[in-house]
Structure formats: C-alpha cells, structure tokens
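# A closer look at the structure
Spelled out from the first residue to the last, the chains are:
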Amino acid sequence: MNIIVQTPRLIIREFLPQEKTVYLDHFTDEEVCKHLPKRSREERTTIFSTALTNYAATKQTGTWGMFDKLNGNFIGSCLLRPFNDQPGVLELGYSMEKSYWGKGIGTEMAKAMVNYAFTYENVKEVVGVTTLENTASQRVLEKAGLLRMDDVEKSGEMVAFFKKQKV
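Described in the following lines is the structure provided in the data block. (Residues numbered from 1 in each chain as written. Predicted model: local features only at pLDDT ≥ 70, side-chain atom pairs only at ≥ 80, totals over all residues. Heavy atoms only, no water.)

### Some thoughts on the pattern of salt bridges
A complete count under the given rule lists eight salt bridges for this structure. Among the ionic pairs, Glu14 bridges to Lys59, the shortest N-O distance being 2.8 Å. Pair noted here: Glu14 is in the loop between β2 (10-13) and α1 (20-26) and Lys59 is in the loop between α3 (41-54) and β3 (62-68), with a separation of 45 residues, a long-range link. Salt-bridge contacts for Lys163 lead to Glu125; the nearest nitrogen and oxygen are separated by 3.9 Å. (Salt bridge = Lys/Arg side-chain N within 4 Å of Asp/Glu carboxyl O. Helix = DSSP H or I, 4+ residues; strand = E, 2+ residues; numbered from the N terminus.)

Right under this line is the structure:
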C-alpha cells in the first residue's frame, strides 16, 4: 500500500484489492451521490479495478482512498485526473461518507491534494468542478485556494468551475 499524502487527520493512499466492497458500498448512499456523475455499480467496479492497475504506472494521477488517521475508518475517495486533455491541468474530485461532512475534512484533503499535484513539475494548474447546487463543495474548493471562475458546460450540464495556478 502506497501512501500519497498524510495530513493531521487523514491518510490518502492507494486502495487495496480487498477494499473493493467498501468503495462500492460508499456509492449506494443517495445523498453521497447526489452531486456525482451517475454511474452503475459495474462502472464503479471498473473504476476501482482501473485504479488498482494504474497504481503501478503513475502516482501523479489516480483514484485513492481517504482514511481516518485516528482509527483507520474509510472516509471516501479522491482523485486527480487530466482535465479536458489540457497539458499540465489536473482535476481534483472527491466524495465522502456523510458522517465526515461539515468537519473540515474535505478542505484538509483538497489542500493536501493541490499541494501534492503541484509537486509535479509538469502540473501548472489544478481545477475543480461542482454542480451549481453543491455549495458545500464549492466552499471546500475555495478554502483550498481555488478561485471561482465563470461556469462551464461539462457533459451537457452547466457546472461551477474553480482553478488554482501554480506560483
């Protein structure tokens, strides 16, 4: 298991194969999925399997698990992925168990992942998108230093768009 980032309360690391059920069960909660792209369990299984395979190829992008540093409990997942095939631009995404909402965990994760992304010389910008209604995630992105830009269209839907450039 490779740890990507540690913060005072989080361990962000590669998923282990035996954590597939924990990962998949996370996406059965309608409230957790309210602002996420709609995906079937099969699609989520493919995402998980692809993440495991890709760990051998790169540490710069991927889907990782967030775990409570105190007790090891699963908090959610986060990702960094190329954004719209733009060189040097990565998109930050995440989802969290409801029991961790409103505790600053999202902001802690987002700050850590932005800093992690910028450790790579070729990464010049980190972006984030949310549904227009997802004001909680918008606050997370802003607290992590991303600036709100004009809304953009993604997958046929207008979304709030945020970005932070490497200084």
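Here the narrative resumes.
### Thoughts on helix α4 (residues 105-117)
Look at α4: 18 Å from first C-alpha to last across 13 residues, which is about the 18 Å you get at 1.5 Å a residue. Of all 13 residues making up α4, eleven are buried, and the element is well covered by its neighbours. Burial in α4 covers these residues: Ile105, Gly106, Thr107, Glu108, Met109, Ala110, Ala112, Met113, Val114, Tyr116 and Ala117. (Expected span 1.5 Å × (residues − 1). Buried < 20%, exposed > 50% of the residue type's maximum accessible area, 1.4 Å probe, protein only.)

### What about the environment of Arg41?
Within the secondary structure, Arg41 sits in helix α3. Residues Arg41 and Asp25, 16 residues apart in the sequence, show an inter-C-alpha distance of 9.1 Å. Sequence-distant contacts of Arg41, that is, excluding residues within four places in its chain, are made with Leu24, Asp25 and Thr28. (Contact = heavy atoms within 4.5 Å.)

### Structural notes on the environment of Arg148
Residue placement: Arg148 occurs in strand β7 (residues 147-148). You can call Arg148 partly exposed: its relative accessible area is 37%. It is 24 Å that separates the C-alpha atoms of Arg148 and Tyr100, two residues lying 48 residues apart in sequence. Discounting chain neighbours no more than four positions away, the residues touching Arg148 are Leu132, Gln138, Glu142, Ala160, Phe161 and Phe162. Engagement of the side chain of Arg148 in a polar contact is seen with the side chain of Gln138, the distance being 3.2 Å. A distance of 2.8 Å separates polar atoms of two side chains, one belonging to Arg148 and the other to Asp151. (Polar contact = N/O pair within 3.5 Å; in protein donor to acceptor, adjacent residues only side chain to side chain.)

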